[in-house]
Number of protein chains: 2
Amino acid sequence: MSEYPSILLENAVNQFSSLPGLGRKTALRLVLHLLRQPQSDVEAFADSLTRLKHEVHYCRICHNISDTEVCPICQSTRRDRQTVCVVENIQDVMSVEKTGQYNGLYHVLGGIISPMDGIGPKDIEIDSLVARIVPERIKEVILALPTTMEGDTTNFYIYRRLAPTGVKVSQIARGMAIGNELEYTDEITLGRSILNRTEFKE
Amino acid sequence: MSEYPSILLENAVNQFSSLPGLGRKTALRLVLHLLRQPQSDVEAFADSLTRLKHEVHYCRICHNISDTEVCPICQSTRRDRQTVCVVENIQDVMSVEKTGQYNGLYHVLGGIISPMDGIGPKDIEIDSLVARIVPERIKEVILALPTTMEGDTTNFYIYRRLAPTGVKVSQIARGMAIGNELEYTDEITLGRSILNRTEFKE
């Protein structure tokens, strides 16, 4: 006999435990929770997944996830259409939006250059970024990639690719996180924040 | 605009984050993972949930989860049909089965008596346990409930309810966990394991 008293139960546990970060015990707990919910709730759960996969779009301009062919941000007339913020993935768009400090457009790369993982420039949306600059009359590209070696490599590659277009390229500031103590800040970050010091204004 | 770029995405995240122990960030990560999988995989995931809820049974004898009206354990002729092990839930059946030390039948209460949570004896499968003893000619009931106040209360209640049937009632041993040091065992457990000492045999 299998570890599970029911094949249907085992199938559902297998599905949940195939998700990243979920072990078999957690998967079992989640499945048994769902089993205690009304049938309509479980159907709504299943339906939300099927519909998501069937009906969701990736914006053909910025490659963010969207319910429409062109996402609301790319369609908006109230945003600064001359600035593009380049991010690694969809979550990063949400993170930047939450700051409330940015009102331009986005470009989602769908990854960053990582030779260790076999991801090269052609595997992510760099060509489509370069192709946007002239027709959309973009004035500034803000690189908002992770502050890792892979992020730096990708920043540098994009910078080189954009150079012929003459667009201004900037990157998000690196320095001490707000609310931190110098004593507990790592020396590379602290060193950077001294080098990149900004003029004090009242 | 909502925090999420897509309503379909938001729905799926809402569904996942309604599960116990999953926050919205984890839910988003799981949904975006599913979105990267082939359509057939996502459909299999959704289907496993719908089928589970539609088709799964609870064994009408022991109330364990089952693909059939009577579960394989209750149907088995190779098990000791005169002993019933009483457990709180389905996971506990799996835990006892994994030990390989038990070959009798089960009875799943579906909860334990907990006045704080408003769960009384009528809310769990105690009547149906009592009703099994005589017709099934049960000789021994093993109480394998949590070693908590609620577990103790439930043990005592079941013991009183079973008394008129004359069935033997036992409970699983309490004492030091295997591999533990006395120094790091709590005093209640250690005290119990001294009181409940067993004869040393070569």
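Before reading on, note that the structure itself is shown above.
First things first, this report covers the structure right here in the doc.

The rules we used
- Residues numbered from 1 in each chain as written.
- Chains lettered and ligands numbered in written order.
- Predicted model: local features only at pLDDT ≥ 70, side-chain atom pairs only at ≥ 80, totals over all residues.
- Heavy atoms only, no water.
- Helix = DSSP H or I, 4+ residues; strand = E, 2+ residues; numbered from the N terminus.
- Buried < 20%, exposed > 50% of the residue type's maximum accessible area, 1.4 Å probe, protein only.
- Polar contact = N/O pair within 3.5 Å; in protein donor to acceptor, adjacent residues only side chain to side chain.
- Contact = heavy atoms within 4.5 Å.
- Buried area = accessible area lost by both parts, 1.4 Å probe.
- Least-squares fit on C-alpha atoms with pLDDT ≥ 70 in both.
- Pairing = 2+ DSSP bridges.
- Right-handed = clockwise from strand over helix to strand, strands pointing away.
- Axes fitted to C-alpha atoms, helices over the stretch in contact; angles between N-to-C directions.
- Left-handed = near helix turned anticlockwise from the far one by under 90°.
- Nonpolar A, V, L, I, M, F, W, Y, C, P; charged D, E, K, R; others polar.

The next point concerns the side chain of A:Ser114. All names here are of chain A. Along the chain, Ser114 turns up in the loop between strand E4 (105-108) and helix H6 (127-133). The class for Ser114 is buried, based on a relative accessible area of 3%. Among the polar contacts made by the side chain of Ser114, one reaches the side chain of Asp117 at a distance of 2.8 Å. Contacts of Ser114, omitting those with residues within four sequence positions, involve Ile119 and Glu150.

Facing the 54 residues of chain B at the interface are 54 residues of chain A. Carbon and sulfur atoms supply 73% of the area buried between chain B and chain A, which totals about 5,100 Å² over both sides. On the chain B side of the interface with chain A, the three residues burying the most area are B:Leu8, B:Leu35 and B:Lys53, jointly 14% of the side's total. Joining chain B to chain A, the criterion identifies 14 residue pairs in polar contact (both at pLDDT 80 or more).

It is worth spelling out the relation of the copies chain B and chain A at this point. For these two chains of identical sequence, chain B goes onto chain A by a turn of 180° and a shift of 0.0 Å along the axis, with RMSD 0.1 Å. Here the transformation between the copies is reduced to the relation of a two-fold axis. Residues of chain B ranked by C-alpha distance from the rotation axis are headed by B:Ala46, positioned 2.1 Å from it. The share of interface residues of chain B whose copies in chain A are also at the interface is 100%, consistent with both copies meeting through the same surface.

Further remarks concern the pairing of strand E3 (residues 83-87) of chain B. Each regular strand shows side chains that alternate between the opposite faces of the sheet. Residue and element names in this part refer to chain B. Burial runs high along E3: five of the five residues are buried. Of the two faces of E3, the one carrying Thr83, Cys85 and Val87 and the one carrying Val84 and Val86 are both buried. Where E3 meets strand E4 (residues 105-108), four bridges bridge the pair, whose relative direction is parallel. Bridge pairing in E4 links Val84 to Leu105. As a crossover connection, the stretch from E3 through helix H5 (residues 90-99) into E4 is right-handed.

Right, let's talk about the pairing of strand E3 (residues 83-87) of chain A for a bit. Where E3(A) lies against strand E5 (residues 140-143) of chain A, four bridges are found, and the strand directions are parallel. Bridged to A:Val84 within E5(A) is A:Val141.

What follows is about the packing of helix H3 (residues 39-55) of chain A against helix H1 (residues 7-17) of chain B. At their nearest, the axes of H3(A) and H1(B) sit 9 Å apart, and the two run at 145° to each other. The handedness of the crossing between H3(A) and H1(B) comes out as left-handed. On the side of H3(A), the interface is formed by A:Asp41, A:Ala44, A:Phe45, A:Ser48, A:Leu49, A:Arg51, A:Leu52 and A:Glu55, while H1(B) contributes B:Leu8, B:Leu9, B:Asn11, B:Ala12, B:Gln15 and B:Phe16. For the contact of H3(A) with H1(B), the residue count by class is eight nonpolar, three polar and three charged.

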